[in-house]
Amino acid sequence: MRHAGELAVQRRAGVRAGTWGSASARPEIPAAAAAFLARQRMLLIGAEGRDGRLWASALTGAAGFAEAVDERTIVIEAVPGEHDPLAGLTGGEIGMLAIEPATRRRMRVNGTVRRDGGRLTVRTEQTYANCPKYIQTRDVSDEPAAASPAAASAARTLTGEHRAWIESADTFFVATRAPDLGADLSHRGGNPGFVRVAGRRRLVWPDYAGNSMYMTLGNLELDESCGLLFLGWESGEALHLTGRARVDWDPGDVPGAQRLVEFEVDRAVHVRGASPLRWTLDGYSRFNPPVRPAPAEAGAGAAESGRDGQDGQEGEPR
């Protein structure tokens, strides 16, 4: 099925790609993709939570915890933890990303999921690879960190801790969806500071040059729901945000930006002890554009922390 949102974004971006986009992705899992998946110790997922909101999250396990058991079925021996916003995931549409920071390789899978006890089974609808653009090189420790009790805190606005985390991030993950067209989970990367906190409930990031499929932006054209995940690579913590996103087609003077994405936070969940994996940064992608300091007035406005109620860029296909 051709994706009306992707086509609209492609037209506005001046891309004349015919059927280029999610409709060109095949449901079958190639043998090379199955082998790549079997090596992974982390998968990123995007789906609707019990609250009806869209969230992004991470699943971890020993190599082999995710396996393609046939050409359209992936079995994952893991489920979201009890403090995860997707803890109640039992079925529905799902977007999934397998990313290997050490080699800067990634593959994306979109489809449907069902839960059976402590395992998830994904029926694939779209499977495809992306290029290494904007992926920072990281190595994962061979030994998982000692288990620590998980704990979570929720807020309706960004705290000072959240702001510092986001503004120093070089990577995050974004979940989107479109009615009757499925969910998607993609990667965003850049030099630290490429995501700007523009207020207690607002983020802005640049959309860099990619493969012109516009799967993320195409979904946002039809549904502004959006979930973000920032990982604490060295700490095992996770910051989950859910809200709404819109595209600003004027990139201003942001280096490398073809457009900007503005995200309004509806809810933030900070989970400590979310993952036993620990990663070491080796280097930044050579594709990352430079980052200019945020305007002083924006920083001043965003500096208010306040806890309220504890209650395009796609890589070229390989």
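It should be emphasised that the depicted structure is a prediction, and the values quoted were computed from it without experimental measurement. (Residues numbered from 1 in each chain as written. Predicted model: local features only at pLDDT ≥ 70, side-chain atom pairs only at ≥ 80, totals over all residues. Heavy atoms only, no water.)

*Asks:* I'd love a proper account of the overall build of the protein, names of residues and values included.
*Replies:* Regarding its fold elements, the protein presents five helices and 17 strands. Carbon and sulfur atoms form 48% of the exposed surface of the protein, whose accessible area is close to 13,000 Å². (Helix = DSSP H or I, 4+ residues; strand = E, 2+ residues; numbered from the N terminus. Areas by Shrake-Rupley, 256 points an atom, 1.4 Å probe, with all protein chains shown as cover.)

*Asks:* If you had to explain the nonpolar core to someone new, which residues and values would you point to?
*Replies:* The biggest cluster of nonpolar side chains holds 29 residues, and the ones touching the most others in it are Ile166, Leu203, Leu228, Phe230, Leu241 and Phe263. Only α3 (160–167), β10 (171–178), β13 (202–207), α4 (215–222), β14 (225–231), β15 (238–248) and β16 (259–272) provide two or more residues apiece to this core. If we skip the residues at most four places from it in the chain, Phe230 touches Trp165, Ile166, Ala169, Thr171, Phe172, Val195, Leu203, Glu237, Ala238, Leu239 and Leu241. (Core = buried A, V, L, I, M, F, W, Y, C linked by side-chain atoms within 4.5 Å. Buried < 20%, exposed > 50% of the residue type's maximum accessible area, 1.4 Å probe, protein only. Contact = heavy atoms within 4.5 Å.)

*Asks:* Could you give an account of α4, with specific residues and numbers?
*Replies:* Where burial is concerned, most of α4 is hidden: six out of the eight residues are buried. Within the sequence span of α4, burial applies to Met215, Thr216, Leu217, Gly218, Asn219 and Leu220.

*Asks:* Give me the lowdown on the environment of His3, citing residues and values where you can.
*Replies:* Within the secondary structure, His3 sits in the segment before α1 (4–13). Residues His3 and Ala178, spaced 175 residues apart in sequence, show a C-alpha to C-alpha distance of 9.0 Å. Contacts of His3, omitting those with residues within four sequence positions, involve Ser22, Ala178, Leu181, Gly218, Asn219 and Leu222. A distance of 3.1 Å separates the side chain of His3 from the backbone nitrogen of Glu6, its partner in a polar contact. At a separation of 2.8 Å, a polar atom in the side chain of His3 contacts the side chain of Asn219. (Polar contact = N/O pair within 3.5 Å; in protein donor to acceptor, adjacent residues only side chain to side chain.)

*Asks:* Which residues make up the packing of aromatic side chains, and what are the values?
*Replies:* The tally for this structure, following the rule as stated, stands at seven aromatic pairs. Summarising the aromatic geometry, the rings of Tyr134 and Tyr208 are spaced 5.3 Å apart at their centres and angled 40° between planes, so their arrangement reads as tilted. With Tyr134 in the loop between β7 (119–130) and β8 (137–140) and Tyr208 in the loop between β13 and α4, the pair connects residues that are 74 residues apart, well separated along the chain. Assessed through its relative accessible area of 4%, Tyr134 is described here as buried. Overall, the relative accessible area of 1% leaves Tyr208 in the buried class. Here a set of aromatic residues connected by ring pairs shows up, and it is made of Phe172, Phe194, Trp205, Phe230 and Phe263. (Phe/Tyr/Trp six-rings, centres within 6.5 Å; stacked < 30°, edge-to-face > 60°.)

*Asks:* Summarise the pattern of salt bridges; cite the residues concerned and give the values.
*Replies:* Tallied over the full model, the rule gives 19 salt bridges. Note that Asp266 and Arg53 form a salt bridge whose closest N and O atoms lie 3.3 Å from each other. With Asp266 in strand β16 and Arg53 in the loop between β1 (42–48) and β2 (54–60), this residue pair connects regions lying 213 residues apart in the sequence. By relative accessible area, which is 31% here, Arg53 ends up partly exposed. Of the charged contacts, one joins Asp170 and Arg138 as a salt bridge, the two residues approaching to 2.9 Å between their closest N and O atoms. Residue Asp170 is located in the loop between α3 and β10, and its partner Arg138 is located in strand β8; the two are separated by 32 residues in the primary sequence. The same class applies to Asp170 and to Arg138, which are both buried. Among the charged side chains, a network of salt bridges with common partners joins Arg53, Arg201, Arg244, Glu264 and Asp266. (Salt bridge = Lys/Arg side-chain N within 4 Å of Asp/Glu carboxyl O.)

*Asks:* Hey, could you go over the packing of α1 against α4 for me, with residue numbers and the actual values?
*Replies:* Packed helices, taken two at a time, are described by their axes: the angle between them and the distance between them. Where α1 contacts α4, the axes come no closer than 7 Å and their chain directions differ by 110°. Put simply, α1 runs roughly perpendicular to α4. Where α1 abuts α4, its residues Gly5, Glu6, Ala8 and Val9 lie against Met215, Leu217, Gly218, Glu221 and Leu222. Tallied by class, the residues present in the contact of α1 with α4 amount to five nonpolar, two polar and two charged. (Axes fitted to C-alpha atoms, helices over the stretch in contact; angles between N-to-C directions. Parallel < 35°, antiparallel > 145°, perpendicular 65-115°, else oblique. Nonpolar A, V, L, I, M, F, W, Y, C, P; charged D, E, K, R; others polar.)

*Asks:* Quick rundown of unusual backbone geometry? Include the residues and the values.
*Replies:* Even without glycine at this site, Tyr134 takes up a positive phi of about 70°. Backbone geometry places Asp180, a non-glycine residue, at a positive phi of 65°. Along the polypeptide, Asp180 turns up in the loop between β10 and β11 (182–189).

*Asks:* I'd like a rundown of the side chain of Arg41, residues and numbers included.
*Replies:* With respect to the element layout, Arg41 can be found in the loop between α2 (31–39) and β1. Reaching out from Arg41, the side chain makes a polar contact with the backbone oxygen of Ser141 at a distance of 2.9 Å. Every residue in contact with Arg41, bar those within four places of it in the chain, is listed here: Leu59, Thr60, Gly61, Ala62, Ala63, Phe65, Val140, Ser141, Asp142, Pro144 and Leu277.

*Asks:* Summarise the sheet that holds strand β6 (residues 105–116); cite the residues concerned and give the values.
*Replies:* Through backbone hydrogen bonds, the strands of a sheet pair up, either in parallel or in antiparallel fashion. One open sheet accounts for seven strands, arranged β2-β1-β5-β6-β7-β4-β3; its pairing is antiparallel. Strand pairing shows two members of the sheet lacking a second neighbour, β2 and β3 (66–70), which therefore form its edges. Between one strand and the next, the sheet's axes are offset by a mean angle of 35°, whatever the strand orientation. Across ten bridges, the pairing between strand β5 (residues 91–100) and β6 is antiparallel. (Pairing = 2+ DSSP bridges.)

*Asks:* Describe the pairing of β7, with residues and values.
*Replies:* Of the pairings in the sheet, the one linking strand β4 (residues 73–76) to β7 comprises four bridges and is antiparallel in character. Within β7, the position partnered with Val75 by the bridge is Thr121. Pairing of β6 with β7 involves eleven bridges; the strand directions are antiparallel. By the bridge assignment for β7, Met107 is matched with Ala129. Counting the residues in the hairpin turn of β6 and β7 gives two residues, including Gly117, whose phi is positive at 65°.

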